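Here is how the chains run, residue by residue.
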2 protein chains.
Amino acid sequence: MDDSLRIDGLDRRIVALLEQNARASFATIGAAVGLSAPAVKRRVDRLIETGVITGFHASVNPRALGHDVSAFVELYTEGRTPALEIARIAARHPEVQEAYTVTGDANALMRVRTTDTSHLEKTLESLRAHPAVLQTKSSVVLSRLLPPIS
Amino acid sequence: MDDSLRIDGLDRRIVALLEQNARASFATIGAAVGLSAPAVKRRVDRLIETGVITGFHASVNPRALGHDVSAFVELYTEGRTPALEIARIAARHPEVQEAYTVTGDANALMRVRTTDTSHLEKTLESLRAHPAVLQTKSSVVLSRLLPPIS
DNA sequence: GATGAAACTTAATTTTT
DNA sequence: AAAAATTAAGTTTCATC
């Protein structure tokens, strides 16, 4: 582990607050952890630079956007398919929101977001069209339990 | 669908920009979509009010925080366990970052984040300690492929 | 009903100590 | 790291289309 990634308890508390609310002001965060706004900003800048914080993102209710079907898709790939190739396959599909290589029967797990089941079907077919993809196994999301929609 | 949830193309573009960068200024977003900063703010406020945007969150590199093990855990529960009860089980464990009810063999899917494999084991045992939980099936994350760490 | 311009308020950021 | 000063952004008001 790089020495520049060393973080202390204050950093952890700042990160935790930003995970909950990425738009909290530096002053608010500072009040919570006992620092001035500029001090918090410097730490946040460093946390971003060192790759501890990887980004700030709005969470959306997919259904409100007309994306009614979310699914977790397990990908079974050819024996020696490198992770980079799986990443390329995933990146080619805008429906893929997240992708991970995992232990277990499947080689990768993806979360996909589609407008409807027909769109999901097309996405799965498109994924399986790649020669390295042997099979997909999907679990359609019925409801999100956590984190609760605030 | 509630009429207040109706969103147009501009809203979609604003949401897409905020999904990428939750800290983009209203002026920056406005420049991208052809609106003034106040107009963007009003739309964002409305998108939050109507539940389209559910929050703003910092993404972190779990490993940098000493959370070296992430896993997807399938939960097999007693036949008539309602989603709300699964939500309660999930909420009791701070290691559970996300939880969904899903179609397929398992009843629910969770993403958990732990410091190490021993911590993961304790979390799984704790989940199985609940009478409604029959079995867990885990896939440990080897690497995140998407979204790329910017 | 939503917009943009301007005024005003608050926060971000830089500089200094 | 904090305080003060500066710059930029958020927010409200209001006239307009």
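Remember, it's a predicted structure, so these values are computed and weren't measured experimentally. (Residues numbered from 1 in each chain as written. Chains lettered and ligands numbered in written order. Predicted model: local features only at pLDDT ≥ 70, side-chain atom pairs only at ≥ 80, totals over all residues. Heavy atoms only, no water.)

*Asks:* Quick question: what am I supposed to make of the packing of aromatic side chains here?
*Replies:* Aromatic ring pairs are reported here in terms of the distance separating the ring centres and the angle at which the planes meet. Under the counting rule described, the total for this entry stands at 3 aromatic pairs over all chains. Members of the aromatic cluster, connected to one another through ring pairs, are Phe72(A), Tyr100(A), Phe72(B) and Tyr100(B). When the ring centre of Phe56(B) is taken as origin, the NZ or CZ atom of Arg23(A), which lies over that ring, is 4.4 Å away. (Phe/Tyr/Trp six-rings, centres within 6.5 Å; stacked < 30°, edge-to-face > 60°. Lys NZ or Arg CZ within 6 Å of the ring centre and 35° of its normal.)

*Asks:* Quick question: what am I supposed to make of helix H1 (residues 9-20) of chain B here?
*Replies:* At 3.6 residues per turn, the α-helix brings residues three or four places apart onto the same side. Residue and element names in this part refer to chain B. Taking 1.5 Å of rise per residue, 12 residues should cover 16 Å, and H1 covers 17 Å from first to last C-alpha, within 8% of that figure. Among all positions in H1, only Asp11, Ile14, Val15 and Leu18 are buried. Along the axis of H1, the buried residues cluster in a sector spanning 100°; they form a single face. The N-cap of H1, judged by a side-chain oxygen 3.2 Å from the amide nitrogen of Leu10 a few residues on, is Asp8. (Helix = DSSP H or I, 4+ residues; strand = E, 2+ residues; numbered from the N terminus. Expected span 1.5 Å × (residues − 1). Buried < 20%, exposed > 50% of the residue type's maximum accessible area, 1.4 Å probe, protein only. Arc of directions from axis to C-beta. Polar contact = N/O pair within 3.5 Å; in protein donor to acceptor, adjacent residues only side chain to side chain.)

*Asks:* Looking at this structure, I do not really get unusual backbone geometry. What am I missing?
*Replies:* Working note: non-glycine residues mostly have negative phi, and peptide bonds are mostly trans. The omega torsion of the bond from Leu146(A) to Pro147(A) falls at -10°, within 30 degrees of zero and hence cis. Looking at the secondary structure, you find Pro147(A) in the segment after strand S5 (133-146).

*Asks:* How should I be thinking about the interface of chain B and chain A in this particular structure?
*Replies:* Put simply, an interface is often sized by how much accessible area is lost when its parts join up. Listed per partner, the contact involves 57 residues of chain B and 57 residues of chain A. With both sides pooled, the region where chain B packs onto chain A buries about 5,300 Å², and carbon together with sulfur makes up 56% of that total. Inspection of the chain B/chain A interface yields 2 salt bridges. Its salt-bridge partner being Arg113(B), residue Glu19(A) comes within 3.4 Å of it at the nearest N-O pair. Counting the contacts that link chain B with chain A gives 31 residue pairs in polar contact (both at pLDDT 80 or more). When contributions to the side of chain B that touches chain A are tallied by element, the ones reaching two or more residues are H1, strand S1 (53-60), helix H4 (83-91), strand S3 (96-102), strand S4 (108-114) and strand S5 (133-146) of chain B. Looking at the side of chain B that touches chain A element by element, the count peaks at 9 residues for S5(B). (Contact = heavy atoms within 4.5 Å. Buried area = accessible area lost by both parts, 1.4 Å probe. Salt bridge = Lys/Arg side-chain N within 4 Å of Asp/Glu carboxyl O.)

*Asks:* Teacher, can you tell me more about the protein's contact with DNA strand C here?
*Replies:* Around DNA strand C sit Ser25(A), Phe26(A), Ala27(A), Pro38(A), Lys41(A), Gly34(B), Leu35(B), Ser36(B), Pro38(B), Ala39(B), Arg42(B) and Arg43(B), and those are all the residues in its vicinity. The contact atoms of DNA strand C, taken as those within 4 Å of the protein, divide so that sugar and phosphate hold 65%. Here a phosphate oxygen of DNA strand C sits 3.1 Å away from a polar atom, N or O, in the main chain of Phe26(A). Mapped by element, the contributors of at least two residues to the surface near DNA strand C are helix H2 (26-33) and helix H3 (37-49) of chain A together with helix H3 (37-49) of chain B. Ranked by residue count, the leading element in the surface near DNA strand C is H3(B), at 4 residues. (Near = heavy atom within 4 Å.)

*Asks:* Would you take a moment to explain the protein's contact with DNA strand D for this structure?
*Replies:* Around DNA strand D, the neighbouring residues are Leu35(A), Ser36(A), Pro38(A), Ala39(A), Arg42(A), Arg43(A), Ser25(B), Phe26(B), Pro38(B) and Lys41(B). Here, DNA strand D places atoms within 4 Å of the protein, and 67% of those atoms are sugar or phosphate. Residue Ser36(A) places a side-chain N or O atom 3.0 Å away from a phosphate oxygen belonging to DNA strand D. Phe26(B) has a polar backbone atom sitting 3.0 Å from a phosphate oxygen of DNA strand D. Among the elements of the structure, H3 of chain A together with H3 of chain B are those that each provide at least two residues to the surface near DNA strand D. With 4 residues, the top contributor of residues to the surface near DNA strand D is H3(A). Looking at the surface near DNA strand D residue by residue, the class counts come to 5 nonpolar, 2 polar and 3 charged. (Nonpolar A, V, L, I, M, F, W, Y, C, P; charged D, E, K, R; others polar.)

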